[in-house]
Amino acid sequence: VDESQEKYGKTPVELMEEIGLLDHRVLAAHCVHLTAKEIEILAEKKTAIAHNPGSNLKLGSGTAPVARLLEKEALVGLGTDSAASNNNLDMLEEMRLAALLPKGLLENPTVVPAETAFKMATINGADALFLSNETGTLRKGAKADLIMFNLNQPHFYPRHNLLGHLVYSARSSDINLVMVNGNVLMSDGELLTI
């Protein structure tokens, strides 16, 4: 940000808007140091944002202003930012962090509710990758991409809010089936293709 301000007199997002980049399909990674004006620009231009909370925490690079981005109806999906900067590549952990971080930072338990974090991990992720016509939801015509959880675990009780359990309690070890484009890749914890 400092280098962009020094060289061009603009923030990175302002510069990308000026040169016309944001008039195209863009997936902006991290977005941890945004001004209010940049948030407005990203939302207005419908720029996709890859939020990588685990990586950002590990590297100490800052935290994206997710609550403000979502408030402006910006498209925020979730990512891990690769093994080089995250290690575990656990999307369930990313979803949980995406829901918890804004609550702690803003001292407000109502921001980024479980439903929103789940959406960021599913349909928003597909939209951010420009794949919304293919995946992200279970519907006719979409690829059959799904995971199934073993809910017979102590951390899924008491059963008062299943979506809340998936966001705040589920572990990757709870997944017992993975299907990609209709092909079962894992069943009962056994990898079937490798």
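Bear in mind that the values here come from a model prediction, so they are computed numbers and not experimental data.

1. Examining the environment of serine 4
So, point 1. Looking at where serine 4 falls in the secondary structure, it is placed in helix α1 (residues 2-8).
So, point 2. C-alpha of serine 4 to C-alpha of leucine 15: the two residues are eleven residues apart in sequence and 8.0 Å apart in space.
So, point 3. Discounting chain neighbours no more than four positions away, the residues touching serine 4 are Gly9, Lys10, Thr11, Pro12 and Leu15.

2. A short note on unusual backbone geometry
So, point 1. Note the cis peptide between tyrosine 157 and proline 158, where omega equals -5°.
So, point 2. Relative to the helices and strands, proline 158 is located in the loop between β4 (146-149) and α10 (162-168).
So, point 3. For aspartate 81, which is not glycine, the phi torsion reads 70° and is therefore positive.
So, point 4. Summarising the element assignment, aspartate 81 is placed in the loop between β3 (75-78) and α6 (83-86).

3. Things to note about the sheet that holds β3
Strand-to-strand pairing in sheets goes through backbone hydrogen bonds, with the strands running parallel or antiparallel.
So, point 1. Spatially, three strands are ordered β1-β2-β3 in an open sheet, and the strand pairing comes out parallel. At either end of the open sheet lies a strand with only one pairing partner, and these are β1 (27-29) and β3. When strand polarity is set aside, the average angle formed by the axes of neighbouring strands in this sheet is 30°.
So, point 2. Here β1 pairs with strand β2 (residues 48-51) via three bridges, running parallel. By the bridge assignment for β2, alanine 28 is matched with isoleucine 49.

4. So, the nonpolar core
So, point 1. Counting residues in hydrophobic clusters, the biggest one holds 32 residues, and the most contacted among them are Leu34, Leu42, Ile49, Leu69 and Met120.
So, point 2. Elements with a minimum of two residues in this core: α3 (36-44), α5 (66-71), β3, α7 (91-106), α8 (114-121) and α10.
So, point 3. If near-sequence neighbours (up to four positions away) are discounted, isoleucine 49 is found in contact with Leu27, Ala28, Cys31, Leu42, Leu69, Ala74, Leu75, Val76 and Gly77.

What counts and what doesn't
- Residues numbered from 1 in each chain as written.
- Predicted model: local features only at pLDDT ≥ 70, side-chain atom pairs only at ≥ 80, totals over all residues.
- Heavy atoms only, no water.
- Helix = DSSP H or I, 4+ residues; strand = E, 2+ residues; numbered from the N terminus.
- Contact = heavy atoms within 4.5 Å.
- Pairing = 2+ DSSP bridges.
- Axes fitted to C-alpha atoms, helices over the stretch in contact; angles between N-to-C directions.
- Core = buried A, V, L, I, M, F, W, Y, C linked by side-chain atoms within 4.5 Å.
- Buried < 20%, exposed > 50% of the residue type's maximum accessible area, 1.4 Å probe, protein only.

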